[in-house]
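Below, each chain spelled out in residue letters.
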Amino acid sequence: MPPLTAAQKWQLDYLDAQEASLQGNYDAANPPLQNVINHSGNRTLAAKASALLMNNLAMRHRYQEAFTLAQRLSENVPNLQDAATRLSVLTNLSQMLNLAGQNDLAIQYARMAEQSVPEGTKPCRPRFMLMAALYSAKKLTSSAPDLSKTTKLCEEAGQPIFVVATQLILSTLYLEEHQPTKALALLDRLDPLLKINRYFPHTLSAATQRAQAYEQLGRDKDAKTAALAVLDMTRPGTIDNMLIDVYQLLYRIAERHGDTADALRYYKEYINQKQSALDDASAQALAYQAVQQQVLTRKLEIEELGRQNSVLKLQQALSAKAVETSRLYIALLLIGLGGVALWLFRTMRSQRRFKRMATRDGLTDIFNHQHFMSECEKRLQALQKRAGHACLIWIDLDHFKRINDTHGHAIGDAALRHSVAICQQQLRPDDLIGRLGGEEFGILLGDCPREQAIAIADRIRLAIEASPMVLDEAVVSISASIGVANTATSGHDLQRLCRDADAALYRAKHAGRNRVVADAAGSNLAEA
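These numbers were taken from a predicted model, which means no experiment stands behind them.

Asker: Looking at this structure, I do not really get unusual backbone geometry. What am I missing?
Answerer: In this structure, R513 takes a positive phi of about 70° despite not being glycine. Mapped onto the secondary structure, R513 falls in the loop between α21 (494-510) and β7 (516-517). Even without glycine at this site, N514 takes up a positive phi of about 50°. Within the fold, N514 resides in the loop between α21 and β7. Classification of N514 as buried rests on a relative accessible area of 7%.

Encoded structure:
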């Protein structure tokens, strides 16, 4: 056999790294991918290696490096001539942006990837990325014809991994729509493929969904067995979003059957998993914002270099026209001063706008999750130093998905803004309010005793219930479940306060929703 050429060796290094990535061995895959990018001299191969490295970095929670690489890849997309490479980069960008919560951009890149599929090739992978992004954006239902079309397309393309992945999205939608029988039937049909593929993330997801379907059917024993099987599949200390659902399910079953010790143990694990997921989401958001700020800074620097270049050209023109020196000099000075003033104005305006974007929720214009938690931490530290007390309120709008499904996401967004405006009417000027995510909000009441906080929370609940949204043809009723925690019993540690408020909120929802529940020492204010 003749020796491999240099180009073949680089291709082999890339394929070995790709295989390691598929097996989840990212630490082994990343160094050779970086070597291909830096030294192969093959722009096409380097672009494919960059796309794979980007997703590997994200899987290792190295979000800032991943988002920086994503930004470079997105800027280079117009220069990619090879169709297969362009397809690989665009699908990986869609997956990456979906992970970052940038669902609209993820949808856009998935559609671009579909248009880049080489002639004669089935667009299975980009179509699946589109389904995944649409699901994350809550723009899919189980009856969506695109799901069955994508499944058929991937079957024709001989891509069983994406066939299973698409069907798992469908079974998830069945569970969200409370159709457990359909979900179980679908999982049973998928079982042979899961055993053939032996792709661990799919096996774990299917087992988790099976446990949830059993619980919805009231088969607690089967649900517990399936949930414990999921735990057996994972290593101790694993942090995974699916484990949040598993531990919460085990907690509910133990609570229903009076197993107090198991209920407490599973609830603690559920809280740890949920807190870790929130921390990871905050790390993603911070990394994404940092990269966006770097991009903005580079653009401003390029604009300034362009202005400086224009000034130099004008100065050269002045040298060539000595007769008009004084007149042109004055004009140049005025242009330069105006340009500097305009640049300073635009820079300050951009900085103010970016600062607001980094701290405010784009939909409701209240603090976003990260900034709310940061401000709460500062406020609690100040209160602790002077022995002051505060109360933390956790609010969740009841059956919000039903509003989205019935009236559409535009009405759902309007309902969120409507509810926030009602909350703000009941608060004092110094109270903090922020959006935790989805339909959940948090409020910190400083220098507020426990009973007063409960009264404020109940006023908010009653005001939301009494203020339905009136549309052209319908009235959208809204209610809220509220949990209250206070520093007198939970201390000034923010994480402890969050856990206690979340636990109280859970009890409010478990007790029938549309009510206020305080911490363990508190009372329960019934619905109106």
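Still more ground to cover, so stick around.
Asker: Is there a simple way to think about the layout of surface pockets in this case?
Answerer: A probe matching the size of a water molecule, rolled over the atoms, marks out where space remains unfilled. In this structure, the second largest pocket encloses a volume near 440 Å³. Along the walls of the second largest pocket sit 21 residues, with I37, S50, L69, R72 and L73 positioned nearest its centre. Listing elements by their share of the lining of the second largest pocket, those giving two or more residues are α2 (26-39), α3 (43-59) and α4 (63-76). Residue classes in the lining of the second largest pocket are distributed as eight nonpolar, eight polar and five charged.

Asker: Is there a simple way to think about the environment of S74 in this case?
Answerer: Inspection of the secondary structure assignment puts S74 in helix α4. Distance in space between the C-alpha atoms of S74 and Y109 is 9.4 Å, their sequence separation being 35 residues. Sequence-distant contacts of S74, that is, excluding residues within four places in its chain, are made with L93 and Y109.

Asker: Please clarify how helix α5 (residues 83-99) should be interpreted in this entry.
Answerer: Since the α-helix advances by 3.6 residues per turn, residues separated by three or four positions end up pointing in the same direction. For α5, spanning 17 residues, the distance from its first C-alpha to its last is 24 Å, which sits close to the expected 24 Å at 1.5 Å a residue. For α5, a buried count of twelve out of 17 residues is recorded, marking the element as mostly surrounded by other parts of the structure. Every buried residue of α5 is listed here: T85, L87, S88, V89, L90, T91, N92, L93, S94, M96, L97 and N98. Once α5 ends, the next one or two residues include G101, with phi positive near 85°.

Asker: Teacher, can you tell me more about the packing of aromatic side chains here?
Answerer: To describe a pair of aromatic rings, you give the distance between the ring centres and the angle between the ring planes. Within this structure, the stated rule accounts for five aromatic pairs. Consider the rings of Y247 and Y266, whose centres lie 6.5 Å apart with planes at 40°: the pair is tilted. Separated by 19 residues along the polypeptide, Y247 in helix α13 (residues 241-256) and Y266 in helix α14 (residues 260-320) bring together distant segments of the chain. With a relative accessible area of 4%, Y266 lands in the buried category. Considering the side-chain rings of Y251 and Y267, the 4.9 Å spacing of their centres and the 50° angle between planes classify their relative orientation as tilted. Placement of Y251 in helix α13 and of Y267 in helix α14 is noted, with a sequence separation of 16 residues between them.

Asker: When you look at a nonpolar patch on the surface in this model, what are you seeing that I'm missing?
Answerer: Residues V340, L344 and M348 make up a contiguous nonpolar surface patch of roughly 260 Å² in combined accessible area. Tracing the chain through its elements places L344 in helix α15 (residues 325-359).

Asker: I would appreciate a short explanation of the confidence of the model for the protein in the present structure.
Answerer: Detailed reading of the predicted model is not advised wherever pLDDT is low. Chain-level statistics for the protein give a pLDDT mean of 83 and a share of 85% at 70 or above. Within the model, the stretch residues 293-306 combines pLDDT values under 50 with twelve contacts to residues more than four positions away or in other chains. Ignoring residues within four places in sequence, the model shows residues 521-528, a span with pLDDT below 50, making 23 contacts including any to other chains.

Asker: Sorry if this is basic, but what is going on with the pattern of salt bridges here?
Answerer: Should their charged atoms come close, side chains of opposite charge can pair. Scanning the model with the defined rule gives 21 salt bridges in all. As a salt-bridge pair, D502 and K274 come within 3.3 Å of each other at their nearest N and O atoms. You can see D502 sitting in helix α21 and its partner K274 sitting in helix α14, a full 228 residues away along the chain. The exposure class assigned to D502 is buried, which follows from its relative accessible area of 8%. Between R461 and E465 there is a salt bridge, with the nearest N and O atoms lying 3.7 Å from each other. Of this pair, R461 and E465 both sit in helix α19 (residues 450-465), four residues apart, roughly one helical turn. The class for R461 is buried, based on a relative accessible area of 1%. Overall, the relative accessible area of 27% leaves E465 in the partly exposed class. Shared partners join several salt bridges into a network, and the residues in it are E215, D220, R252 and R256.

Asker: Just checking my understanding: could you explain the nonpolar core for this structure?
Answerer: What tends to happen in soluble globular proteins is that the nonpolar side chains get buried as a cluster. One finds V89, L93, L140 and I169 to be the most contacted residues of the largest nonpolar core, which totals 93 residues. It is helix α9 (residues 160-176) that provides the largest number of residues to this core, a total of ten residues. Counting residues in hydrophobic clusters, the runner-up holds 34 residues, among them L397, I460, V516 and A518.

Basis of the calculations
- Residues numbered from 1 in each chain as written.
- Predicted model: local features only at pLDDT ≥ 70, side-chain atom pairs only at ≥ 80, totals over all residues.
- Heavy atoms only, no water.
- Helix = DSSP H or I, 4+ residues; strand = E, 2+ residues; numbered from the N terminus.
- Buried < 20%, exposed > 50% of the residue type's maximum accessible area, 1.4 Å probe, protein only.
- 1 Å grid on protein atoms, 1.4 Å probe; cavity = no way out; pocket = protein on both sides within 12 Å on 5 of 7 lines; lining within 4 Å.
- Points joined across faces, edges and corners; volume = space filled by probe spheres on them.
- Nonpolar A, V, L, I, M, F, W, Y, C, P; charged D, E, K, R; others polar.
- Contact = heavy atoms within 4.5 Å.
- Expected span 1.5 Å × (residues − 1).
- Phe/Tyr/Trp six-rings, centres within 6.5 Å; stacked < 30°, edge-to-face > 60°.
- Patch = residues over 30% accessible without salt bridge, like charges linked within 9 Å, V, L, I, M, F, W, Y side chains within 5 Å.
- Areas by Shrake-Rupley, 256 points an atom, 1.4 Å probe, with all protein chains shown as cover.
- Salt bridge = Lys/Arg side-chain N within 4 Å of Asp/Glu carboxyl O.
- pLDDT = per-residue confidence, 0-100.
- Core = buried A, V, L, I, M, F, W, Y, C linked by side-chain atoms within 4.5 Å.

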